[in-house]
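Coordinate analysis (summary)
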Amino acid sequence: MKRGRLRVLLGAAPGVGKTFAMLEEGHRLQQQGVDVVVAIVETHGRTATAALVDGLEVVPRRQVGHRGVELDEMDTQAVLARHPDVALVDELAHTNAPGDDREKRWHDVEVLLDAGIDVVSTVNIQHIESLNDVVQQITGVPQRETVPDAVLRGADQIEVIDLAPEALRDRLSGGLVYPAARIDAALSNYFRLGNLTALRELALLWLADEVDSALKRYRREHGIDHKWEARERVVVALTGGPEGETLLRRGARIAARSSGGELLAVHVISQDGLRDAQPGALAAQRALVDTLGGTYHQVIGEDVPRALVDFAKASNATQLVIGVSRRSRLAAAVTGPGIGQTVIRESGDIDVHIVTHGAAGSRFTLPGLGGSLSPKRRIMGALVALVGGPLLTWLLVQFRSDESITSDVLSYQLLVVVVALVGGIWPALFAALLSGLTLDYYFVQPLYTVTVGDPLHLLALLLYIVIAVLVSVVVDQAARRSRSARRSAAESELLATVAGSVLRGQDALQALVTRTREAFSLTGVRLLDASSHTVLTTDGEPAADDRVTTMPVGDRAVLELHGPDLAASERRLLSVITTQIDQALEHNALAETADVVGSLAEADRMRSALLAAVGHDLRRPLTAATAAVSGLRSTEVAWTAADREELLATASESLESLAVLVTNLLDVSRVEAGVLAVSLQPTDVAEAVLPALDELDLGPGDVELDLPSGLPAALADQVLLERVVVNLLSNAVRYAPEGSRVRVAGSAFGGRVEIRVSDQGPGIPADRRADVFVPFQRLGDTDNSTGLGLGLALSKGFVEGMGGTLEAEDTPGGGLTMIVALPAAELGCEPGARDAKPAPTEETP
C-alpha cells in the first residue's frame with residue numbers, strides 16, 4: 001500500500017493560527033471532493049476555531065481512564081476503520097494518556113501514514129527535540145513534550161504559519177488566545193515581545209535549514225556532485241567607473257541567494273591604475289552599497305590584484321565579483337595577463353565572477369612620487385624600438401633610391417619620437433643610437449659599413465640623440481605631474497572615506513583605526529595610551545614576523561602599525577589621519593568631562609528639588625503639629641475633652657506623616673548611595689501582600705487577589721517587599737476608576753516570582769514610563785498633597801536592591817500594570833500542573 005503524505009503546519013508560538021489554518025485546509029479539500037475527517041482537534045475554547053469544525057466530519061474520541069479521571073484521546077483505530085483520504089490531527093507533539101498502546105501522538109500519525117492516509121498536523125517550534133534547550137533558554141519554560149527532528153524532516157511538506165509578534169500580542173490582549181484570567185501572566189511571561197521575536201526567528205531558521213537539507217537530498221538523488229553555494233560572503237571590486245552599479249547589483253543578487261549572505265564592496269587605490277573619469281560615480285556607488293545593505297571598504301595597494309585578493313581572503317569571502325577588462329586582445333597579448341586573469345590565478349578557493357557591462361570606467365590608482373614612467377612603459381618603449389626599427393629598415397630598403405635619403409632620415413626620426421613618447425629617455429636613446437647606426441649602414445655611402453665619412457652624418461646622429469632626450473624629458477615631466485595629481489586626489493578621497501565613516505555614525509576611533517589598516521594593507525593597528533601604553537583600540541591580528549612602526553598621536557597616544565614599511569608619501573598621508581585620531585581622542589575626553597558635569601548638574605537638580613519639596617511638604621505637618629501642641633499648652637483657652645482629643649490626634653497624625661517623609665528621604669539617600677541594607681530570605685508573597693492591604697485598609701471590594709497556593713517563595717526582604725506593595729497599591733487605588741477593583745496577581749516563570757498590580761485607570765504613555773521612577777516628580781502632577789513623588793522611585797530601588805526588577809506595562813483593556821519580578825527561592829514545578837495527564841500542547845506556556 002502506498003504510504004500517506006504528511007503535511008506539518010509549524011508555528012513559532014501558541015495562537016499564531018496553526019489549528020485555524022489546518023481546519024481551513026480541511027474545508028478547502030472537502031470542497032474539491034477529497035474525503036476529509038477531523039481525527040482530533042484542540043480548540044482551547046477559541047470561538048473562531050471551534051466554528052471552523054462545523055461542516056467537517058469528526059471522528060469521536062475515545063475515553064481513557066487514569067487515576068479516576070476520564071481523558072479524551074484520538075481514536076486511531078476508528079480513523080483506520082473509517083480510512084479517509086486525509087485526516088486532520090492537531091498537536092503532533094501531544095503525549096497520550098498512560099497505558100495507551102502508543103506513547104506519543106506522532107506514533108499514531110505514523111500508523112495512519114502506513115495505512116495510506118494523508119495527514120495534516122500542527123506543531124510549535126518549542127516542541128522540536130533539537131531546539132528544546134534553546135527554547136528553554138529563551139523563554140525559561142521547559143518543554144516536556146517533544147517531537148524528534150527526524151519525524152518532521154521526514155514530512156513531505158512543512159509550512160510555517162507566521163504572525164508578527166506584535167499582532168500575536170494584540171490577539172492575546174483581545175482574549176482570542178487565552179481566557180481573560182490568564183492574559184496578564186501570559187503577556188509578561190511566555191509572550192514577551194523579545195521571546196516571540198526570538199521564537200519566530202528560530203522557526204524561520206529551522207525551516208531554512210530544512211530547505212537546505214532538502215536541497216542536499218535532491219542533489220544526492222540526482223547525482224549532482226559539483227558545489228552549490230547556499231550562503232555567500234560576496235566581495236565586489238569597484239573601480240569608480242559607471243560599471244560599478246552593475247557589479248554591485250549582481251553581487252547583491254548573489255548574496256541574497258542564501259540565508260545570511262553578506263555584501264562587501266572594496267575600492268583599491270593602486271600605484272598602477274588610472275584616475276576615474278567620473279569623480280561622482282564612486283560616491284554614488286557608496287550610497288548604493290548602503291541601500292543594498294552592504295559595507296564599503298577602501299584599500300591602498302601597489303599591486304591591485306594582490307590587494308583585492310588579500311582583502312577577499314581576509315574577509316573570508318566565498319565570491320569575488322569584478323568587471324570585464326577594457327583592453328583589446330592585442331593589448332593583452334603585448335602587456336600580458338590583466339587584473340582579471342591575475343585575480344583568478346591568485347584567488348584560490350574563492351569563486352571569481354567576471355561581469356560584462358555596457359559602460360567601462362577607468363581604473364583609478366594611487367601612483368607613487370618616486371619615479372615617472374612605470375617599468376612596464378619602459379619595456380614597451382624598448383619593444384617598440386626593437387620591433388619597429390627592423391620593420392622600418394626592411395620597408396625603407398625595399399624602396400631605397402638616391403633621392404630617398406631625406407624621407408629615410410625623417411622616418412627614423414619619427415621612430416625615435418614614438419619610442420620617447422612610449423618609454424621615456426632610456427628606450428629613446430637606445431632607439432636613436434640604433435636608428436643612427438642602421439641609417440649609416442644601409443643608406444649612407446659607402447653602404448654596409450659604419451664608417452662616418454662625412455661630418456654631417458655625425459651631426460645627424462647627435463641630432464637624433466638630442467631629439468630623443470628632449471622628447472623623453474617632456475614625457476617624463478608630464479607623467480610625474482600626472483602621477484602627483486592622481487596621488488593628491490586619491491589621498492583626498494581616502495580622507496573623505498575616513499571622515500564619511502565617522503559621519504555615518506560609526507565610532508570615530510574605531511572607524512579611523514579600521515580604515516587605516518585597510519587603506520595601507522596592514523595586518524594590525526593598535527592605539528596605545530601614551531602614558532601607560534594601555535590598549536585603547538585594537539583592529540586586526542598582527543602576525544609575529546610583521547615590522548612594527550609607531551606614529552605619535554599628539555601628546556595623548558601612540559599609533560602602532562604592524563605590517564610592511566610605509567613609504568614617505570604614505571607616512572605623510574598617515575600624519576593627517578593621526579591628526580584626526582588626536583581630535584577624536586580630544587572629543588572623547590571632552591565627552592567624558594561633559595558626562596561628569598552632567599552628573600553634577602543632575603545631582604544639583606535633585607538637591608534643588610529636594611529642598612523645594614522639603615520646604616513645602618515638611619512645613620505642613622510641622623506647622624500642624626506645632627499648632628496642636630501649642631494649643632494644648634495654652635492656658636488662655638479652656639479645652640474640652642473632645643477638643644483636646646482632636647488636637648492630640650492632629651499632632652499625632654502630623655508627626656506620623658513627618659516620620660514617613662523623613663524615612664522616605666533617608667531611604668532615597670541610601671538607595672542613591674548604594675548602601676541600602678537588604679536581608680534576603682525565602683518570602684511568601686502572600687505574607688507581604690496581606691499586611692500591605694491591612695495597612696492601607698483595603699478589602700475585597702477594593703482589591704481582587706489571585707495568589708495561587710502553589711506559588712514558590714521569593715528571595716526577598718519581607719519588610720522592603722511589603723513597602724513596595726504598599727506604594728504600588730496606593731498608586732493603583734488612587735488612579736483606579738470608581739467602582740473598579742485593583743487586581744493583585746502572583747505567578748512563577750523562568751525561575752522568577754512575579755507580583756502584578758493592575759488597575760483600569762488612565763495608564764501612562766510608553767515614552768513616559770521611565771519618568772515615573774524618577775524621584776521628586778509626579779509626571780506634572782501639581783497636587784502637593786500627594787507627597788514628594790518618592791513612592792515609585794523607592795519601590796524601584798528596593799526591588800533592584802533585592803536583585804529583582806520593577807517594570808510598567810499596559811493593562812489589557814486600559815490601565816497600568818506594575819510588575820515586580822524577584823528571584824525564586826527554590827525552583828520547582830510550575831503551580832497548577834496536573835498529575836493525571838500532561839497539559840495540552842497549546843496550553844504549555
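Computed from a prediction, not measured in an experiment: that's the story for all the values here. (Residues numbered from 1 in each chain as written. Predicted model: local features only at pLDDT ≥ 70, side-chain atom pairs only at ≥ 80, totals over all residues. Heavy atoms only, no water.)

1. Some remarks on the overall build of the protein
When its secondary structure is counted, the protein shows 24 helices and 24 strands. The buried share of the protein, taken over its 845 residues, is 44%. When contacts within the protein are restricted to residue pairs at least 6 apart in sequence, long-range pairs at least 24 apart make up 73% of them. (Helix = DSSP H or I, 4+ residues; strand = E, 2+ residues; numbered from the N terminus. Buried < 20%, exposed > 50% of the residue type's maximum accessible area, 1.4 Å probe, protein only. Contact = heavy atoms within 4.5 Å.)

2. Some points on the pattern of salt bridges
A full pass over the atoms with the stated rule returns 22 salt bridges. A salt bridge links R3 to E110; the nearest nitrogen and oxygen atoms lie 2.9 Å apart. Taken as a pair, R3 in the segment before β1 (6-11) and E110 in helix α4 (residues 105-114) lie far apart in primary sequence, 107 residues in all. E110 gets classed as partly exposed once you look at its relative accessible area, which sits at 24%. The closest approach of N and O atoms between R28 and E25, which form a salt bridge, is 2.4 Å. Here R28 and its partner E25 are both found in helix α1 (residues 18-31), three residues apart, which amounts to about one turn of the helix. Classification of E25 as buried rests on a relative accessible area of 11%. (Salt bridge = Lys/Arg side-chain N within 4 Å of Asp/Glu carboxyl O.)

3. Re helix α17 (residues 425-443)
Helix length check: α17, at 19 residues, gives a terminal C-alpha distance of 26 Å against a target of 27 Å (1.5 Å per residue), a fit within 8%. Every buried residue belonging to α17 is among P427, A428, L429, A431, A432, S435, G436, T438, L439, D440 and F443, and all of these are buried. (Expected span 1.5 Å × (residues − 1).)

4. A look at the packing of aromatic side chains
This structure, assessed with the given rule, holds zero aromatic pairs. One cation-aromatic arrangement involves R286 over Y296; the distance from NZ or CZ to the ring centre is 5.5 Å. (Phe/Tyr/Trp six-rings, centres within 6.5 Å; stacked < 30°, edge-to-face > 60°. Lys NZ or Arg CZ within 6 Å of the ring centre and 35° of its normal.)

5. Some details on a nonpolar patch on the surface
On the surface, a nonpolar cluster with roughly 440 Å² of combined accessible area is contributed by L386, V387, L391, F430 and L434. At the level of secondary structure, the elements contributing two or more residues to the nonpolar patch comprise α15 (375-398) and α17. With respect to the helices and strands, L391 occurs in helix α15. (Patch = residues over 30% accessible without salt bridge, like charges linked within 9 Å, V, L, I, M, F, W, Y side chains within 5 Å. Areas by Shrake-Rupley, 256 points an atom, 1.4 Å probe, with all protein chains shown as cover.)

6. A look at unusual backbone geometry
One non-glycine residue, H83, adopts positive backbone phi at about 45°. As for its placement among the helices and strands, H83 is situated in the loop between α3 (76-82) and β6 (86-89).

7. What about helix α14 (residues 339-346)?
Along α14, the positions that sit buried rather than exposed are G340, T342 and V343. Buried residues of α14 fall within an arc of 165° about the axis and therefore sit on the same side. Those residues of α14 that are buried lie in contact with α12 (304-314), β12 (319-323) and β13 (351-355). Backbone geometry just after α14 places G348 at a positive phi near 70°. (Arc of directions from axis to C-beta.)

8. Some points on the confidence of the model for the protein
Across the protein, pLDDT averages 76, with 74% of residues at or above 70. Throughout residues 827-845 the model reports pLDDT below 50, and contacts reaching past four residues in sequence, or to other chains, amount to 46 contacts. (pLDDT = per-residue confidence, 0-100.)

9. As for the sheet that holds strand β22 (residues 752-758)
Spatial strand order, β19-β21-β22-β24-β23: five strands in an open sheet with mixed pairing. Each edge of the sheet is formed by a strand with only one pairing partner; in this case those strands are β19 (703-706) and β23 (805-810). Here the strands of the sheet are splayed against their neighbours by 20° on average, with no regard to which way each runs. (Pairing = 2+ DSSP bridges. Axes fitted to C-alpha atoms, helices over the stretch in contact; angles between N-to-C directions.)

10. Topic: the packing of α15 against helix α16 (residues 405-423)
Viewed as axis vectors pointing N to C, α15 and α16 meet at an angle of 165°, and their least axial separation amounts to 8 Å. The orientation of α15 relative to α16 falls into the category roughly antiparallel. As for the relative orientation of α15 and α16, their crossing is right-handed in sense. The segment α15 lies against α16, with R377, R378, M380, G381, V384, A385, G388, G389, L392, T393 and L396 engaging D408, S411, Y412, L415, V418, V419, L421, V422 and G423. When the residues that make up the contact of α15 with α16 are grouped by side-chain class, the tally is 11 nonpolar, six polar and three charged. (Parallel < 35°, antiparallel > 145°, perpendicular 65-115°, else oblique. Left-handed = near helix turned anticlockwise from the far one by under 90°. Nonpolar A, V, L, I, M, F, W, Y, C, P; charged D, E, K, R; others polar.)

11. Here we look at the sheet that holds strand β7 (residues 118-124)
Pairing is parallel across the open sheet formed by six strands, whose spatial order is β3-β2-β6-β7-β1-β8. In the strand order of this sheet, the two ends are held by β3 (57-58) and β8 (157-161), each with one partner. Bridging between strand β2 (residues 36-40) and β6 involves four bridges; their strand directions are parallel. Within the sheet, the bridge partner assigned to V36 lies in β6 and is V86. Most of the contacts of α1 go to β7, to which it runs at about 165°, and overall it touches β1, β2, β6, β7 and β8. Contacts between α4 and the sheet are confined to β1, β2, β6 and β7, with β6 contributing the most and set at about 180° to the helix.

12. As for the side chain of T146
By the secondary structure assignment, T146 is in the loop between α5 (132-139) and α6 (149-153). Looking at T146, the relative accessible area reads 13%, which means it is buried. A distance of 2.6 Å separates a polar atom in the side chain of T146 from a polar atom in the side chain of E129. Leave out the neighbours within four places in its chain, and T146 touches A93, K104, W106, H127, E129 and N132. (Polar contact = N/O pair within 3.5 Å; in protein donor to acceptor, adjacent residues only side chain to side chain.)

13. Topic: the environment of A21
As for its placement among the helices and strands, A21 is situated in helix α1. Each C-alpha atom, one on A21 and one on L52, is 9.7 Å from the other, the two residues being 31 residues apart in sequence. Other than its neighbours up to four places away in sequence, A21 contacts L9 and I161.

14. What to know about the environment of V135
Within the element layout of this structure, V135 appears in helix α5. Relative accessible area serves as the criterion here: at 0%, V135 is assigned to the buried category. The sequence separation of V135 and L202 amounts to 67 residues, and the corresponding C-alpha distance is 8.8 Å. Beyond its immediate sequence surroundings of up to four residues, V135 is in contact with I125, Q126, G140, Y190, L199 and L202.

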